[in-house]
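Commentary on secondary and tertiary structure
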Protein chains: 2
Amino acid sequence: MDEFELIRRFFSRHSDSPLLVAGVGDDGAVLRPPAGRELVTVIDTMVAGTHFPTCMDARDIGYRIVAINLSDIAAMGGIPRWMTLALTLVDADEAWLDEFATGLYEAAGEWGVVLAGGDTTKGEQLVVSVQMSGDLAPGTALYRSGAKAGDTIYVTGTLGDAAAGLGRFAEGESRDYLARRFARPTARVAAGRALAGIAHAAIDVSDGLVADLAKVLEASGAGAELDVHRLPLSQELLDAVGREQALQHAMGGGDDYELCFTVPAPLLPAGIAPEVTAIGRIVPDAGLVCRDGDSVVPFDDTGYRHFR
Amino acid sequence: MDEFELIRRFFSRHSDSPLLVAGVGDDGAVLRPPAGRELVTVIDTMVAGTHFPTCMDARDIGYRIVAINLSDIAAMGGIPRWMTLALTLVDADEAWLDEFATGLYEAAGEWGVVLAGGDTTKGEQLVVSVQMSGDLAPGTALYRSGAKAGDTIYVTGTLGDAAAGLGRFAEGESRDYLARRFARPTARVAAGRALAGIAHAAIDVSDGLVADLAKVLEASGAGAELDVHRLPLSQELLDAVGREQALQHAMGGGDDYELCFTVPAPLLPAGIAPEVTAIGRIVPDAGLVCRDGDSVVPFDDTGYRHFR
């Protein structure tokens, strides 16, 4: 099976999207962008053994690389539309490719995203990049830089599950709730769309809440107070590791792909309320103060950074 | 140096393109597409040791990954506009990164392409992917599938230089004409733009003329006669390897990134003529016949295919 046959067999599913003029199979794809909109574009790479355990199912690898790109689109407030795939394989295992493609199309299909093109190469290590584009109304993109003193800080979903879930793989468990939260993050596309043009700042929590919030604060020239006792923790996480470790995961663990955003409280879109939690506020003075009830708690910036 | 510092230092050059609303440094970039145009999107990966010699200069690696994406945009007839970068590094060597970024911006700058975003990761092997987008007038994209019997087949530039040039690296020579033709392919963007809406079919010669022309013939349901004695060969190539080997490289070697296109002869755009050569014609019956003067010459499909 050469690379052309591989692309034909696994990555050429038909799409009837009106936003796609021509897809996989030529030198490039031709897209028809919605009129009068801005585009948002993102790209994310996963390296086997660095970003996910080498034992992870191919189907989950395919799902996850799409989900983390959807998450970036969501953090910008965009509607995801098209994606391209750069896949570097050690070998062309057909069963693996079939599963990988199934997961990839599954995640893309949840939001109607079209695989428009790609490139398949051979290397010494599995490296998967997806580039995704979407659209939004001009001027409504969400940036890290707009947080203002007085804003309430919110997060979607629960935090810390993915960090604990990653640990589950090392224990040989890949199917329980926490492991699934790592392998199949929930991209908060609907929340991002509801917040476009409304939230002052947004980021997706990929490196850890403290590290990612710090990026918002630096870009916005502001500080924050975090109410640690308000951090949303799943019952599964609490049961598995207890409150103290759960908070460590929630603050310092990465890979949750929840949205963290700031908004003047009265502007919070009504429909978004059930899945978001207020966890603190933006303050004028730089720095991050974490409070657990009445006491200030110390913390480390334990966000994950390559090359450090 | 962590990944954020790395991106700030090497990949955050300012752009004043009116087509870029927000670039590197957030969860995604925001683009302002030209009104009333279709978009073309491509992605290409280079793996060290597979797609280029590991001894190749970082500056040439950066130049080449952009040039081969420009070539795909050209083959579609588009105007290149924006690109994103997925860079998997073995380590974060500052001198290497500085050179790589210099070559990357150099190639992009030749066509005013903006680096809009990227992702930098750590792996066991250097893997570089660039995704590029451009735009074109609706309905003018060039495909592989439109060749018609009676069309003349043209190529831009000269063929076979890159295949011989790749061999030069193995001999420890990376600076002569042929080696430069491998390391710094000339993306035929102007030719592609001139042909948009005019040529019946187009492809860029990355896997070798015979292999790439075969893709056009298959997609178009047609055949071709190739006049081997008309293939454009550089004097440097002829001097280096002689005519027989030069023809082998021209027909079977890859990496030239010249455009091969078919057009009814009267429609050839006037300005394009000096840099293109007529090399054959499309015929109704499937298959490819190669003629060298009056004799039919045998050939192999020696195009490069991963995983074969």
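The shown structure was predicted, so the numbers you read here are calculated from the model rather than taken from an experiment.

1. A word on the overall build of chain A
The helix and strand inventory of chain A stands at eight helices and 13 strands. The C-alpha atoms of chain A give a radius of gyration of 20 Å, which matches the 19 Å a tight globule of 308 residues would have. Oriented by its inertia axes, the alpha-carbon framework of chain A measures out at about 65 × 50 × 35 Å.

2. Observations concerning the interface of chain A and chain B
Opposite the 56 residues of chain A that make contact, chain B presents 56 residues. Across the side of chain A that touches chain B, the residue classes tally to 26 nonpolar, 15 polar and 15 charged. As defined by bridge partners, strand 3 (residues 38–47) of chain A adjoins strand 2 (residues 29–31) of chain B across three bridges and the pair is classed as antiparallel. Each bridged residue has a counterpart across the sheet, and for Val40(A) the counterpart in strand 2 of chain B is Val30(B).

3. Details of the packing of helix 4 (residues 161–170) of chain B against helix 8 (residues 235–252) of chain B
Residue and element names in this part refer to chain B. Axis separation between helix 4 and helix 8 bottoms out at 10 Å; the angle between their running directions is 120°. The angle between the axes of helix 4 and helix 8 places the two elements in the oblique class. Helix-helix and strand crossings are classified by hand; for helix 4 and helix 8 the assignment is right-handed. When helix 4 is examined against helix 8, the residues Asp 161, Ala 163 and Ala 164 are found in contact with a partner set consisting of Leu 237, Ala 240, Val 241 and His 249.

4. A short note on the environment of Val276(A)
Residue and element names in this part refer to chain A. Note on placement: Val 276 falls in strand 11 (residues 276–283). Looking at Val 276, the number of C-beta atoms within 10 Å reads 24, which means it is buried. Taking the C-alpha atoms as reference, Val 276 lies 9.0 Å from Ala 191; in sequence the two are 85 residues apart. What Val 276 contacts, discounting residues up to four positions off in sequence, is Tyr 154, Val 155 and Thr 156.

5. What to know about the domain arrangement of chain A
All names here are of chain A. For chain A, the domain assignment lists domain 1 (3–136) and domain 2 (152–297). Each of domain 1 and domain 2 was reduced to a C-alpha centroid, and the two centroids are 26 Å apart. On the side of domain 2, 18 residues touch domain 1, which itself brings 19 residues to the contact. Residue assignment for the side of domain 1 that touches domain 2 shows that the elements contributing at least two residues are helix 2 (58–76) and strand 4 (79–89). The element that contributes the greatest number of residues to the side of domain 1 that touches domain 2 is helix 2, accounting for eleven residues. For the side of domain 1 that touches domain 2, the per-class residue count stands at 14 nonpolar, two polar and three charged.

6. Structural notes on the pairing of strand 6 (residues 127–136) of chain A
Residues and elements named next belong to chain A. Within strand 6, ten of the ten residues are buried, which leaves the element mostly enclosed by the surrounding structure. Every second residue of strand 6 is oriented toward a common face, with Val 127, Ser 129, Gln 131, Ser 133 and Asp 135 on one face and Val 128, Val 130, Met 132, Gly 134 and Leu 136 on the other, all of them buried. Where strand 3 lies against strand 6, ten bridges are found, and the strand directions are antiparallel. In the sheet register, Ile 43 faces strand 6, and the bridge partner there is Gln 131. As paired elements, strand 4 and strand 6 share nine bridges and run antiparallel to each other. Within the sheet, the bridge partner assigned to Ala 86 lies in strand 6 and is Ser 129.

7. Side note on the sheet that holds strand 2 (residues 29–31) of chain A
The strand order across the open sheet formed by six strands is 1(A)-2(A)-3(B)-6(B)-4(B)-5(B), and the pairing between neighbours is mixed. Every other strand in the sheet has two partners, leaving strand 1 (20–22) of chain A together with strand 5 (114–122) of chain B as the edge strands with one partner each. With strand direction ignored, the average angle separating the axes of adjacent strands in the sheet is 20°. Contacts from helix 2 (residues 58–76) of chain B reach strand 3 (38–47), strand 4 (79–89) and strand 6 (127–136) of chain B, with the element oriented near 145° to strand 3 of chain B.

8. So, the pairing of strand 12 (residues 287–292) of chain B
Residues and elements named next belong to chain B. Pairing geometry for strand 9 (residues 223–227) and strand 12, over five bridges, is parallel. The residue of strand 12 that forms the bridge with Ala 224 is Leu 288. In sequence, strand 12 turns back onto strand 13 (residues 295–297) through a hairpin of two residues, with Gly 293 there showing a positive phi of about 70°.

9. Brief notes about helix 2 of chain B
All names here are of chain B. Along its 19 residues, helix 2 runs 28 Å from first to last C-alpha, staying within 8% of the 27 Å computed at 1.5 Å per residue. The element helix 2 is largely enclosed, with a buried count of 18 among its 19 residues. Downstream of helix 2 by a residue or two, Gly 77 has a phi angle that is positive, lying close to 85°.

10. Section: the relation of the copies chain A and chain B
Once chain A has been moved 0.0 Å along the axis and rotated by 180°, it coincides with chain B to within an RMSD of 0.0 Å. Expressed as a symmetry operation, the mapping of one chain copy onto the other fits a two-fold axis. When the interface residues of chain A are mapped onto chain B, 100% of them are again interface residues, pointing to one common binding face.

11. Considerations on helix 3 (residues 94–110) of chain B
Between the first and last C-alpha of helix 3 of chain B there are 24 Å, a value that for 17 residues agrees with the 24 Å anticipated at 1.5 Å per step. Following helix 3 of chain B by one or two positions, Gly112(B) adopts a phi angle in the positive range, close to 65°.

12. A few points about the sheet that holds strand 7 (residues 152–156) of chain A
Residues and elements named next belong to chain A. Taken in spatial order, the seven strands of this open sheet run 8-10-7-11-9-12-13, and their pairing is mixed. Edge strands, defined here as strands with exactly one partner in the open sheet, are strand 8 (201–204) and strand 13 (295–297). Adjacent strand axes in the sheet meet at a mean angle of 30°, parallel and antiparallel pairs treated alike. In this fold helix 2 packs onto strand 8 and strand 10 (259–263), with an angle of close to 175° to the strand it touches most, strand 8. Its contacts with the sheet place helix 7 (residues 209–220) against strand 8, strand 9 (223–227), strand 10 and strand 12 (287–292), and it is angled at close to 150° to strand 8.

13. Regarding unusual backbone geometry
Its identity as a non-glycine residue notwithstanding, Asp255(A) has a phi of 70°, on the positive side. With respect to the helices and strands, the residue Asp255(A) is situated in the loop between helix 8 (235–252) and strand 10. A tally of 24 C-beta atoms within 10 Å means that Asp255(A) is categorised as buried. Look at Tyr257(B): it is not a glycine, yet its phi comes out positive at around 55°. Within the element layout of this structure, Tyr257(B) appears in the loop between helix 8 and strand 10 (259–263).

14. What to know about the environment of Arg8(B)
Tracing the backbone through its elements, the reader meets Arg8(B) in helix 1 (residues 3–10). A sequence separation of 17 residues divides Arg8(B) from Gly25(B), and the C-alpha atoms of the two residues are 7.8 Å apart.

15. Some thoughts on the environment of Asp44(B)
The topology assignment puts Asp44(B) in strand 3. Beyond its immediate chain neighbours, meaning those up to four positions away, Asp44(B) contacts Asp119(A), Ile65(B), Ile68(B), Asn69(B), Asp72(B), Ser129(B) and Val130(B).

16. Some thoughts on the confidence of the model for chain A
The pLDDT averaged across chain A works out to 94; a share of 97% of its residues lies at or above 70. Across the assembled chains, the prediction reports ipTM 0.94 with pTM 0.95.

Basis of the calculations
Residues numbered from 1 in each chain as written. Chains lettered and ligands numbered in written order. Predicted model: local features only at pLDDT ≥ 70, side-chain atom pairs only at ≥ 80, totals over all residues. Helix = DSSP H or I, 4+ residues; strand = E, 2+ residues; numbered from the N terminus. Rg over C-alpha atoms; globule rule 2.2 N^0.38 Å. Contact = placed C-beta atoms within 7 Å. Nonpolar A, V, L, I, M, F, W, Y, C, P; charged D, E, K, R; others polar. Pairing = 2+ DSSP bridges. Axes fitted to C-alpha atoms, helices over the stretch in contact; angles between N-to-C directions. Parallel < 35°, antiparallel > 145°, perpendicular 65-115°, else oblique. Left-handed = near helix turned anticlockwise from the far one by under 90°. Buried ≥ 20, exposed ≤ 12 C-beta atoms within 10 Å, placed from the backbone. Domains from an automatic or database assignment. Expected span 1.5 Å × (residues − 1). Least-squares fit on C-alpha atoms with pLDDT ≥ 70 in both. pLDDT = per-residue confidence, 0-100.

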